[in-house]
Amino acid sequence: SLATSPRSISTLKSFTYLQGNCFQSDGTAFDEYQQKEMQMRHQQTMRKRAAWVTIGLGILFAVSALPALHSAVELFIQIVHWPFQDIPSDLDVPAPLLVAISGGLMTGLGGMLWALAQFVSPISEEAAARVTQVAAWTWFSTDSAMSILVGAPMNAVINLLFLALMLVSCRPNTKSTE
């Protein structure tokens, strides 16, 4: 029967193991569990650090769209236009650069959403939905607020379409499978 097949027993042991239960009296399973737990915590810490650096730079770039804060991004503009060139104080950033950066960020957000769907959703739909919601609302609020502040409110309206696209993917399936 399926309930007593080696694969079912292995799956059950893995599930119970992940819950912190030991199967071996010498404690080796518990030791392995602790090692995996430490590795997971390290990965989470590194991911959180990367997230905060990314968020910090994103906020820096977003607020530097305001004329009073253009100098915050001036060095970056000079670096990406190697060799150094004079950057006007009014932050006359070339449109192709902004399009390239924006496209890269949007592609990265889409890649993250795909990875959540592919790798996280099968394990925890709730976790995938929460990550999607946090990313979507963080992007939407920053991008839309700064667009409005620099006089481009239509971008905030267009952002609503992408926000809806992301949030709709978080809704649970309510259709019956009968």
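J.: Where do I start with the packing of aromatic side chains in this structure?
T.: Two descriptors summarise a pair of aromatic rings, namely the distance from one centre to the other and the angle between the planes of the rings. Here the structure, examined in full by the defined rule, presents three aromatic pairs. Measuring from centroid to centroid gives 5.7 Å for Trp114 and Phe119, while their planes differ by 85°, and the two rings are edge-to-face. Pair check on accessibility: Trp114 and Phe119 agree, each one exposed. Measuring from ring centre to ring centre gives 5.9 Å for Trp137 and Phe140, while their planes differ by 90°; the resulting arrangement is edge-to-face. Taken together, the positions of Trp137 and Phe140, both in helix α5 (residues 125–149) and three residues apart, correspond to about one turn of that helix. Overall, Trp137 belongs to the partly exposed group, its relative accessible area being 44%. For Phe140, a relative accessible area of 14% translates into the label buried. Among the aromatic side chains, those forming a connected cluster through ring pairs are Trp137, Trp139 and Phe140.

J.: Can you help me understand the confidence of the model for the protein chain in this one?
T.: In regions of low pLDDT, the predicted coordinates are not meant to be interpreted in detail. Here the protein chain averages 75 in pLDDT, while 69% of its residues score no lower than 70. Confidence drops under pLDDT 50 across residues 1–20; counting only partners more than four residues distant or on other chains, this segment forms 14 contacts.

J.: Before we go on, may I ask you to explain the nonpolar core in this structure?
T.: It is characteristic of soluble globular proteins that their nonpolar side chains tend to be buried jointly. Counting residues in hydrophobic clusters, the biggest one holds seven residues: Leu109, Ala135, Ala136, Trp139, Phe140, Leu163 and Met166. Going through the elements one at a time, α5 and α6 (153–168) are the ones with two or more residues in this core. Counting residues per element, this core draws most heavily on α5, which supplies four residues. Not counting residues within four places of it along the chain, the set of residues in contact with Leu109 comprises Ala135, Trp139 and Met166.

Criteria and cut-off values
- Residues numbered from 1 in each chain as written.
- Predicted model: local features only at pLDDT ≥ 70, side-chain atom pairs only at ≥ 80, totals over all residues.
- Heavy atoms only, no water.
- Phe/Tyr/Trp six-rings, centres within 6.5 Å; stacked < 30°, edge-to-face > 60°.
- Buried < 20%, exposed > 50% of the residue type's maximum accessible area, 1.4 Å probe, protein only.
- Helix = DSSP H or I, 4+ residues; strand = E, 2+ residues; numbered from the N terminus.
- pLDDT = per-residue confidence, 0-100.
- Contact = heavy atoms within 4.5 Å.
- Core = buried A, V, L, I, M, F, W, Y, C linked by side-chain atoms within 4.5 Å.

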